[in-house]
Amino acid sequence: MTAPVVLEPPVAGPVEDGRAGARPASLWRDTLGNILRQRNAVIGLVILSFFVLVAIFADQIAAYDPIDVLIGDEEGIKKLAPPCIHALGCPETMAEHYFGIDGNVRDVFARVVHGTRVSLRIGFLTVGFAIVIGMFIGSIAGYFGGKVDNVLMRIMDVLLAFPALLLAVAIVVVLGPGLLNAQLAIGIVAIPIYARVMRASVLSIRERDYVTASRALGESDLGLVVRRIIPNALTPLIVQGTLGVAGAVLDVAALSFIGLGTQPPDAEWGSMIGIASNSMFVAPHVVLFPGIALSLTVLAFNLLGDGLRDALDPRLNR
Amino acid sequence: MTRFILRRLLSSIPVIIGIVFLVFALARIIPGDPCEAALGERANEVTCERYAVAHGLDKAIIPGIFRVPGGAIEARPGEIPATFLDNQFVVFVGDVVSGDFGTSSKFGLPVTDLLIQRLPTTVELTLYALTFAIIAGILLGVMSAWRRNSFADVFTMLIANIGVSTPVFVLGLSLAYLFAIVLGDTALELPPSYRLSPGTDVPTLAATWGLEDLGGPLRSILDFMSNIYTFNAIARADWALLGDVVRHMILPAFALGTIPLAIIARITRSSLLDELGLDYIRTARAKGLRDRAVVLRHGLRNAMLPVVTVIGLQLGSLFGGAVLTETIFNLAGVGRAVTEAILSRDYAVIQGFTLVIAIGFVLINLLVDLSYAFLDPRVQQR
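Below, the structure is looked at part by part. The structure displayed is predicted, hence computed values, not measured ones. (Residues numbered from 1 in each chain as written. Chains lettered and ligands numbered in written order. Predicted model: local features only at pLDDT ≥ 70, side-chain atom pairs only at ≥ 80, totals over all residues.)

Let's talk about the overall build of chain A
Cut-off, in case you're wondering: Put simply, DSSP marks the helices as runs of H or I at least four residues long and the strands as runs of E at least two long, and each gets a number from the N terminus on. The exposure scheme places C-beta atoms from the backbone and then counts, for each residue, the other C-beta atoms within 10 Å of its own, assigning buried at 20 or more, exposed at 12 or fewer, and partly exposed in between. Note on contacts: residues are paired as contacts if their backbone-placed C-beta atoms lie within 7 Å.
Each helix and strand in chain A was counted, giving 12 helices and 0 strands. Beginning at the N terminus, the succession of helices and strands in chain A can be written as α-α-α-α-α-α-α-α-α-α-α-α. Here chain A holds 318 residues, and the buried ones make up 43% of them. Counting contacts in chain A only where the partners sit at least 6 residues apart, residues at least 24 apart contribute 70% of the total.

Take a look at the structure:
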């Protein structure tokens, strides 16, 4: 008989707080709550925070300089030497190198740690660029429709008809190899995806009553797009963008792997793997450690993107 | 149905025109002098002029736009009328329409011949990878949805998450190390490079079937098929060759197929879960159908539409992965051919190969779209 009495407050509490409390539920607070309820998103966030911390404190974490050749600094140091960790039985007389030494006698651990900065920056900048341009093209196409829409979307179709990596290779060759150009190329190749997503949301939002109401109140085309349509069309873009960061990190690493992205001696995971791939069979550690770091970063963005999608898109809630 | 197919066919024409122009433009704006790239040390003013005339590079690129010796691009508006039809673009389009992609400046071979040598490698690799991805992906997806939240489900989805996040080149190199070095000299050893064991000689089908006098497009198709070694081995009943081909394809196909596999598994799972929650499934269960019949015959068939979409979408990234896989496993396919051609300014190869690849994609997407119409008749009405 006492059970209902015990159960009542916890059930009633949150409902009252949420509905009639002083702090009304906001979109952002709801969303944050939803995200934190997604196991995948939380795992993704944790891995990502770890890498962000590593990127910020790279100088403190790594004992060596990432591009410093250690010949002459240390006695008996050999290129491609395997990892040496004292706790795991490496003789105390040798210097500690957690991830071993690469083909140019540099500390792999320092290079992997410093590579974190490059990869995270690549991910955000590349996708940010693609989203901004894609949003612009997509909203123009969706809002004005007709011929403008047709021409813009056919151009996007042409871009999408090429295998992304191949088109990116061609663009980098036109612009010249280098990290910035590789990012630009991957960004350009990704534009059509965001333009399509944006156009689709604009098409559906444009017909909503509140847009018609704003127009009746005398809002200009630009005002309608910027103040009414874009804010309401952002959700799918954010989700697509988070998943896109994973793809961008992978693609820029792939370009660096074939030698068109980051140029030596800079530390970046893709180019580290590319340069080391020839010595894979004698010294697997030079490929394995940057490979694991790269995979984990991509995994984190994928998990976070999936979680965001589930949290932001109620239709998918199961 | 006919109207739907026609409309879809017509809508790809502007895209193909755009591709032709973009491919042409990309090949022209790549910096560097094609003459210097082709002739190397023998390049000087005289030889380069002769080279330019022989390859039609002295003509306007498009009406009124010229490339002057040395590589700079120059606009001469006064010459627009004179070069309106006499320019490289018109020549290019004319050649493409007649099936002539020019001659590779690096190999001295017609691009069509190079395509017949290189394209089969990529087609074979992609087909192996895709078959592996589709079969394993759908199996794993169905298993996960069927036993939802079981250990097998959670484990499969964990592996799928890791699978989509592992770059092709990391996975490829790790597999090569594992199967060629760690497991070397055991029964599980697999070759980490090339399409065949060294010294293996593959007779062409034309020679085997006494068709060496055959010419024209039929011969090209026959040679193309002949270079798909799996097909060649089966057609000639050469089982030793088939075994060798398959052994060499396992690692590259696994490396290339893992990302699409993971994506297919995830989409199969969520799509099947959606279906299994619907009323008609409850009806099917209520009338006493066995679980297996409900899931496989009713649920899975209706859940296939998004899966087909995703498979179609994967083809583009599969090709990007093929470029990397070919590099890692030393396979002479189109992906590597194009990257090498771009680096050596081999205009004809860049143009011919990218054009064939891009148009191939448009056609594949067309097929994917048309297959929706067969899978789901409602699509036509949209």
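Some remarks on the interface of chain B and chain A
Where interface size is given, it is often the accessible area lost as the parts come together that is meant. Each partner contributes residues to the interface: chain B has 39 residues there, and chain A has 34 residues. Contributions of two or more residues to the side of chain B that touches chain A are made by helix H1 (2–29), helix H6 (151–165), helix H7 (168–182), helix H13 (291–328), helix H14 (334–343) and helix H15 (347–375) of chain B.

Overview of the packing of helix H5 (residues 111–146) of chain B against H14(B)
Two quantities define a packed helix pair, namely the angle between the helix axes and the distance between the axes. Residue and element names in this part refer to chain B. So the rule is basically this: Convention adopted: a line fitted to C-alpha atoms gives each axis, helices being fitted over their contacting stretch, and angles between N-to-C directions are expressed from 0 to 180 degrees. Should an angle lie under 35 degrees it is considered roughly parallel, over 145 roughly antiparallel, and from 65 to 115 roughly perpendicular; all remaining angles are considered oblique. Side-chain classes follow a simple rule in which Ala, Val, Leu, Ile, Met, Phe, Trp, Tyr, Cys and Pro form the nonpolar group, Asp, Glu, Lys and Arg form the charged group, and the remainder, Gly included, forms the polar group.
Following both chains from N to C, one finds H5 and H14 inclined at 125°, their axes separated by 7 Å at the closest point. The angle between H5 and H14 falls in the class oblique. Residues Leu114, Arg118, Leu119 and Thr122 of H5 form the contact with H14, whose participating residues are Val334, Gly335 and Ala337. In terms of residue class, the contact of H5 with H14 is built from 4 nonpolar, 2 polar and 1 charged.

Notes on H1(B)
Heads up, the rule is: Given the number of residues in a helix, its expected span is that number minus one, multiplied by 1.5 Å.
The first and last C-alpha atoms of H1(B) sit 41 Å apart over 28 residues, in line with the 40 Å expected at 1.5 Å per residue. If you check which residues of H1(B) are buried, you get Val15(B), Ile19(B), Val20(B), Leu22(B), Val23(B), Phe24(B), Ala27(B) and Arg28(B). Packing partners of the buried residues in H1(B) comprise helix H6 (146–161) of chain A together with helix H4 (88–97) and H15 of chain B.

Things to note about the environment of Ala54(B)
Residue position: Ala54(B) is located in helix H3 (residues 45–54). The class for Ala54(B) is exposed, based on 10 C-beta atoms found within 10 Å.

Remarks on the environment of Met1(B)
Relative to the assigned elements, Met1(B) resides in the segment before H1. The spacing of Met1(B) and Ala160(B) is 159 residues in sequence and 37 Å in space, taken between C-alpha atoms.

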